[in-house]
Amino acid sequence: MKKTVGLFAAGALVVALSACSTGATPAGSGGAAGGAPNKALDQIVVGFAQVGAESGWRTANTKDIQDSFKEAGIQLKFSDAQQKQENQISAIRSYIQQNVDYIAFSPVVQTGWDAVLGEAKAAGIPVILTDRAVDSKDTSLYITFLGSDFVKEGKEAGDWLVQQYQGKSDPVNIVQLEGTTGSAPAIDRGTGFADAIKANPNMKVVASQTGDFTRAGGKQVMEAMLKSQPKIDVVFAQNDDMGLGAIEAIEAAGKVPGKDIKIITVDAVHDGMQALADGKINYIVECSPLLGKQLIDIVKKLNAGESVPQRIVTDETTFTQDQAKEALPNRKY
Ligand code: AHR
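This section reports on the structure supplied with the text. (Residues numbered from 1 in each chain as written. Predicted model: local features only at pLDDT ≥ 70, side-chain atom pairs only at ≥ 80, totals over all residues. Heavy atoms only, no water.)

This part covers the environment of threonine 180. Mapped onto the elements, threonine 180 comes out in the loop between strand 6 (172-178) and helix 6 (184-197). Here threonine 180 falls in the buried class, since its relative accessible area comes to 8%. Residues threonine 180 and glutamine 83, 97 residues apart in the sequence, show an inter-C-alpha distance of 8.7 Å. When sequence neighbours within four positions are dropped, the list of residues in contact with threonine 180 reads Gln83, Ala186, Thr210, Asp212 and Phe213. (Helix = DSSP H or I, 4+ residues; strand = E, 2+ residues; numbered from the N terminus. Buried < 20%, exposed > 50% of the residue type's maximum accessible area, 1.4 Å probe, protein only. Contact = heavy atoms within 4.5 Å.)

Here it is as structure tokens:
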């Protein structure tokens, strides 16, 4: 009897292992569906591990995802990691234990995911990256990555600045407010911005520090920079919230944001757009938080056994002060 049970267990293990290899198909292969394809929509369960609630962007992203799942009638299990990787890893492990059909998440930082994503793969649960990428050599750990091109966003911010100072050789002192250290948007926006300004020796990033994508962080870092830097011409804040915090610090120091110090930000959430329309920010590169409907599309396709592209880039634009005035009345977030 024992032997029979033993043989069955061994057989089950083989079945389980072979299911793994098709359960989370490598993203590079065009990603066929895993999990339990062709379920009724209201039977599908998706676990979503969110970064936190650090910014207006994140709040809009969370709302859009929750609303989209409600509208589609697909079950959503949602967790907030409070910007801590260990919390996100625990949330993903708990989704694996609950045997959800899909796991979606926006990684707080780029590295350190191979172990937990390997566990999801072994359990046959396909993983969808939304908003931020992971830095892993093993692209079979996730099905697809849906989100912005952060390098392009940084480059567009830098290109605008270069254009503003075209034909001038006076020194331009820039301070950069970085997002969360180790996160994809902080790394990539920094790379794109540096690349855009590098051909202009008069443009120098004289200080660069993290404000963790929060308004309070942006304010605190800007206060310190205003004290330590004798001359600041430009602030590049890697998101609106840090830019809005910087505005408070600049005003408290008796300077006029948007005039004495130019400000460029990324996101284009409502408060950022209002500050741009009011002349306190000079330029915003959009980063769209509205990823919910595209995430639903991916889940539906995988459930139907269809393939999805390994990379889905979000459509985005840029805003000048005049464009912000025009766009604000119809802005949804
Ligand atoms: O990953 C997207 C970034 O994260 C947004 O630009 C920022 O506001 C958020 O916190």
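Here the focus is the sheet that holds strand 3 (residues 102-105). Overall, parallel pairing links the six strands, which are arranged 2-1-3-4-5-11 in an open sheet. Each edge of the open sheet carries a strand with a single partner, namely strand 2 (75-80) and strand 11 (311-313). Within the sheet, the average angular offset between the axes of one strand and its neighbour, ignoring direction, is 20 degrees. Relative to strand 4 (residues 127-130), strand 3 runs parallel, the two being bridged by three bridges. Residue pairing across strands places phenylalanine 105 opposite leucine 129, the latter belonging to strand 4. Across the face of the sheet, helix 3 (residues 85-97) comes into contact with strand 1 (45-50), strand 2 and strand 3 while running at roughly 170 degrees to strand 1. Sheet strands in contact with helix 10 (residues 292-303) are strand 1, strand 3, strand 4, strand 5 (144-147) and strand 11, and its direction is about 165 degrees off that of strand 4. (Pairing = 2+ DSSP bridges. Axes fitted to C-alpha atoms, helices over the stretch in contact; angles between N-to-C directions.)

As a further point, take the sheet that holds strand 10 (residues 283-286). Spatial strand order, 7-6-8-9-10-12: six strands in an open sheet with mixed pairing. This sheet does not close on itself; its edge strands, each paired only once, are strand 7 (203-210) and strand 12 (318-319). Here strand 6 runs beside strand 7; their pairing, made up of seven bridges, is parallel. Each bridged residue has a counterpart across the sheet, and for isoleucine 174 the counterpart in strand 7 is valine 205. In the packing of helix 9 (residues 270-277) onto the sheet, contacts are made with strand 10 and strand 12, and the angle to strand 10 comes to roughly 150 degrees.

On to the environment of isoleucine 174, then. Residue position: isoleucine 174 is located in strand 6. Separated by 31 residues in the primary sequence, isoleucine 174 and valine 205 place their C-alpha atoms 4.6 Å from one another.

Below, the discussion takes up the packing of helix 5 (residues 150-164) against helix 6. Look at helix 5 against helix 6: their axes get within 6 Å of each other, and the N-to-C directions meet at 35 degrees. Where helix 5 crosses over helix 6, the two elements pack in a sense that is right-handed. Every residue of helix 6 that contacts helix 5 at Phe150, Val151, Glu153, Gly154, Lys155, Ala157, Gly158, Asp159, Leu161 and Val162 is listed here: Ala184, Pro185, Asp188, Arg189, Gly192, Phe193, Asp195, Ala196 and Ile197. (Left-handed = near helix turned anticlockwise from the far one by under 90°.)

Okay, the site of the ligand next. Glu54, Ser55, Trp57, Arg58, Asp131, Arg132, Phe150, Pro185, Arg189, Phe213, Asn239 and Asp267 make up every residue found near the ligand. In this structure, an oxygen atom belonging to the ligand sits 2.8 Å away from a side-chain N or O atom of aspartate 131. One nitrogen or oxygen atom from the side chain of aspartate 267 is found 2.6 Å from an oxygen atom belonging to the ligand. For the ligand, the protein covers 100% of the area, taking 280 Å² as the surface of the free molecule. Elements that contribute at least two residues to the shell around the ligand include exactly helix 2 (56-72) and helix 6. Residues belonging to the shell around the ligand are distributed by class as follows: four nonpolar, two polar and six charged. Two domains each provide a minimum of three residues to the shell around the ligand, namely domain 1 (27-148 + 289-315) and domain 2 (150-286). (Near = heavy atom within 4 Å. Polar contact = N/O pair within 3.5 Å; in protein donor to acceptor, adjacent residues only side chain to side chain. Areas by Shrake-Rupley, 256 points an atom, 1.4 Å probe, with all protein chains shown as cover. Nonpolar A, V, L, I, M, F, W, Y, C, P; charged D, E, K, R; others polar. Domains from an automatic or database assignment.)

Buried within helix 4 (residues 114-122) are the following residues: Val116, Leu117 and Ala120. Along helix 4, the residues classed as buried sweep out an arc of 95 degrees about the axis, all on the same side. For helix 4, the exposed residues set more than 90 degrees away from the buried face come down to Ala115 and Ala122. Residues of helix 4 that are buried sit in contact with helix 3, strand 3 and strand 4. Once helix 4 ends, the next one or two residues include glycine 124, with phi positive near 75 degrees. (Arc of directions from axis to C-beta.)

The values reported here are purely geometric and, on their own, carry no functional implication.
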